[in-house]
Amino acid sequence: MTSPAAVPRRVRRPDWAGRNYVLLTAAAIVTNLGTHGALIASAFAVLQSGGDGGDVGMVAAARTLPLVLFLLIGGAVADRIPRHHVMVAANALNCVSQGAFAVLVLTGDPKLWQMMLLTGLCGAGQAFFNPAAEGMLLSSVSGEQANRAFALFRMAMHGASIGGAALGGALIAAVGPGWVLAVDAVAFAFAGALRAFLDVSHIRPRQPGGGMLADLREGWREVVGRPWLWSIVAQFSVVVAVVGAAEAVYGPLVAQDELGGAAPWGLALAAFGVGTVVGAFVMMRWRPRRLLLAGTLCVFPLALPSAALAVPLPVAGLAAVMFVSGVAIEVFGVSWMTALHQEIPEEKFSRVSAYDWFGSVAMLPLATAVAGPVESLVGRHEALWGCAALVVLVTAAVLFVPDVRNLTRRTREVAKTDGALAVSTDAEGAPGRLG
């Protein structure tokens, strides 16, 4: 007879990792593996077709512009109809657009307008997908382990992004950018199939009400009625813009002129990616009581990469700084998601997420566009010091908002009734925040 010790034990997933959470995490890994390779492939596809750096920028802008334009509509749509339907439809659009892009690259000489159009369709799909996906993830987690669940999800996502970029670069060198774009199309199809199996029976159906504009106004009231929410969204509209300009424009230039070429900058970006994974791992174990205070304090290190490029630090120092900033942004990211999960009514998750996304990316195209003229006007090193100073200033300003300093983690889940939150109990037994 077989001894009990010889019988393999079935591995149990944690109670907080439900079916929806597992499906969402698996699908995110698949899409991030494909997408981060495809982002590199699209740039090389433009260059191989005879384009220059300006053409690469135009194709990148063609992805960003629809994302900005349609985000708020995407959030309203995702709170009106089942979110997994929106996610699957967006994945289908991305699959078709990336597949058509791959066919153009593999079979002929793609025109710039064709690449911009197909990339724009991909950006439009992301505008509808992102709010729906974040709302679905927030609704898939319950209880006190939300912090750990979000940290694990982000760790898996960032790990896949690093792997996808490395794999994409290797495949581009081996078989060309067209096949990498084709792999991305297949990844979207597979991820969409996984998301089709999400269970939304726990989500209360929306009551018939006003139209799209009414939904957008309701989401806006949800944002402006919470000082901690709108102040941090405003903060990140500046932080994302200046950090994006520093890393997308000034970083490659400093690496080329003063650090020895593209390889050192690639190493620095890889260090940042590793830092995000380490930061997510830290947040699986650390549960700061003052969520937003801990998260906001960890935004200050995002000024370090700009300062390091302004000096500039040697490659090892720059990589160390990028690693620290990667860890720090994950502490903020997990704390932010946990705060949204705790404070925002479920039926408004996607609209609030859309305003959050919109605030984060709205100024990014402008910042990258003016980075060159600003460098010509004041000098590159001065522009980088200015980026670092702006991050410090807007982050310090947010700390003057009492709710940012005082919002605390609840130690037990709070029942939501008719869109309102009941009073919770914090670690000292005193009344917690009301939603």
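Residues numbered from 1 in each chain as written. Predicted model: local features only at pLDDT ≥ 70, side-chain atom pairs only at ≥ 80, totals over all residues. Heavy atoms only, no water.

J.: I tried to follow the overall build of the chain on my own but got confused; where do I start?
T.: For the chain, the count of helices and strands is 16 helices and two strands. Taking all 435 residues of the chain together, the buried fraction comes to 51%. Of the contacts formed within the chain by residues at least 6 apart in sequence, a portion of 87% connects residues at least 24 apart. For the chain, the computed accessible surface area is about 19,300 Å², with 69% contributed by carbon and sulfur atoms. (Helix = DSSP H or I, 4+ residues; strand = E, 2+ residues; numbered from the N terminus. Buried < 20%, exposed > 50% of the residue type's maximum accessible area, 1.4 Å probe, protein only. Contact = heavy atoms within 4.5 Å. Areas by Shrake-Rupley, 256 points an atom, 1.4 Å probe, with all protein chains shown as cover.)

J.: Just checking my understanding: could you explain the pattern of salt bridges for this structure?
T.: When the charged atoms of two side chains with opposite charge come close together, those side chains can pair. Evaluation of the coordinates by the stated rule reveals nine salt bridges. We note a salt bridge from Glu 218 to Arg 351, for which the minimum N-O separation is 3.1 Å. Pair noted here: Glu 218 is in helix H7 (residues 212-224) and Arg 351 is in helix H13 (residues 349-361), with a separation of 133 residues, a long-range link. Of the charged contacts, one joins Glu 375 and Arg 380 as a salt bridge, the two residues approaching to 2.8 Å between their closest N and O atoms. Here the salt bridges do not stand alone but share partners, grouping Asp 79, Arg 83, Glu 218, Glu 222, Arg 226, Lys 348 and Arg 351 into one network. (Salt bridge = Lys/Arg side-chain N within 4 Å of Asp/Glu carboxyl O.)

J.: Is there a simple way to think about the environment of Leu 313 in this case?
T.: Along the chain, the position of Leu 313 falls in the loop between helix H11 (304-310) and helix H12 (315-343). Considered as a pair, Leu 313 and Leu 259 are 54 residues apart in the sequence and their alpha carbons are 8.8 Å apart. With residues near it in sequence (within four places) discarded, Leu 313 still touches Leu 259, Ala 308, Leu 318 and Val 321.

J.: Is there a simple way to think about the packing of aromatic side chains in this case?
T.: The geometry of an aromatic ring pair is captured by the separation of the ring centres together with the interplanar angle, meaning the angle of the planes. Going through the model one piece at a time under the given rule, you end up with five aromatic pairs. Ring plane angle 15 degrees and centroid distance 5.9 Å describe the contact between Phe 332 and Trp 336, whose orientation is recorded as stacked. Placement of the pair is Phe 332 and Trp 336 together in helix H12, with a separation of four residues, close to one helical turn. Relative accessible area serves as the criterion here: at 6%, Phe 332 is assigned to the buried category. Residue class for Trp 336 comes out buried when judged on its relative accessible area of 6%. An aromatic cluster is defined as three or more aromatic residues linked by ring pairs; in this entry it consists of Trp 228, Phe 236, Phe 332 and Trp 336. (Phe/Tyr/Trp six-rings, centres within 6.5 Å; stacked < 30°, edge-to-face > 60°.)

J.: Quick question: what am I supposed to make of the confidence of the model for the chain here?
T.: When pLDDT drops low, the exact placement of atoms in the prediction is not to be read closely. A residue-level look at the chain finds 87% of positions with pLDDT of 70 or above and a mean pLDDT of 82. Of all helices and strands in the chain, the one with the weakest mean pLDDT is strand S2 (residues 420-421) (36), whereas helix H15 (residues 380-398) scores best (94). Below pLDDT 50 for its whole length, residues 1-11 participates in one contact with residues either more than four positions away or in separate chains. (pLDDT = per-residue confidence, 0-100.)

J.: Even after reading the chapter, I still don't get H12, so can you show me in this structure?
T.: Side chains of residues three or four places apart in an α-helix project in the same direction, reflecting 3.6 residues per turn. Between the first and last C-alpha of H12 there are 42 Å, a value that for 29 residues agrees with the 42 Å anticipated at 1.5 Å per step. Taken across its 29 residues, H12 has 23 buried, putting it largely inside the fold. (Expected span 1.5 Å × (residues − 1).)

J.: Hey, could you run me through the nonpolar core in this one?
T.: The nonpolar side chains of a soluble globular protein tend to be buried with one another. Core analysis: the biggest nonpolar cluster contains 92 residues, and Trp 228, Leu 229 and Trp 336 have the highest contact counts within it. If one sorts the elements of this core by residue count, helix H8 (residues 227-259) sits on top with 16 residues. Ignoring any residue separated from it by four or fewer positions in sequence, one finds Leu 229 in contact with Glu 222, Val 223, Trp 336, Leu 340, Ile 344 and Val 352. Residues Val 46, Phe 101, Val 180 and Leu 181 belong to the second largest nonpolar core, which totals 14 residues. (Core = buried A, V, L, I, M, F, W, Y, C linked by side-chain atoms within 4.5 Å.)

J.: Explain the packing of H8 against H13 to me, please; I cannot follow it from the model alone.
T.: The N-to-C vectors of H8 and H13 enclose an angle of 35 degrees; their axes lie 7 Å apart at closest approach. Along its contact with H8, which presents Leu 229, Val 233, Phe 236, Ser 237 and Val 240, the element H13 presents Val 352, Tyr 355, Asp 356, Gly 359 and Ser 360. The residue inventory of the contact of H8 with H13, partitioned by class, reads six nonpolar, three polar and one charged. (Axes fitted to C-alpha atoms, helices over the stretch in contact; angles between N-to-C directions. Nonpolar A, V, L, I, M, F, W, Y, C, P; charged D, E, K, R; others polar.)

J.: Help me out: how do you make sense of the side chain of Glu 330 in this one?
T.: By the element assignment, Glu 330 lies in helix H12. When near neighbours in sequence (up to four residues on either side) are disregarded, Glu 330 contacts Arg 154, His 158, Thr 276, Gly 279, Ala 280 and Met 283.

J.: Looking at this model, I keep getting lost on the side chain of Gln 235. Mind explaining?
T.: Here Gln 235 is to be found in helix H8. We classify Gln 235 as buried; its relative accessible area is 2%. In this structure the side chain of Gln 235 is engaged in a polar contact, spanning 3.1 Å, whose partner is the side chain of Thr 395. With residues near it in sequence (within four places) discarded, Gln 235 still touches Thr 296, Val 299, Val 394, Thr 395 and Val 398. (Polar contact = N/O pair within 3.5 Å; in protein donor to acceptor, adjacent residues only side chain to side chain.)

J.: What should I look at first to understand unusual backbone geometry in this one?
T.: The general pattern is negative phi for most residues beyond glycine and trans for most peptide bonds. Residues Val 311 and Pro 312 are joined by a peptide bond in cis, for which omega reads -15 degrees. You can see Pro 312 is positioned in the loop between H11 and H12.

J.: How should the packing of H8 against H15 be read in this particular structure?
T.: What describes two packed helices is the angle between their axes and the distance between those same axes. For the pair H8 and H15, interaxial distance at closest approach is 9 Å and the crossing angle is 160 degrees. Considered as vectors, H8 and H15 are oriented roughly antiparallel to each other. In this structure, H8 meets H15 at a crossing whose hand is left-handed. Residue composition of the contact of H8 with H15, grouped by class: 16 nonpolar, four polar and three charged. (Parallel < 35°, antiparallel > 145°, perpendicular 65-115°, else oblique. Left-handed = near helix turned anticlockwise from the far one by under 90°.)

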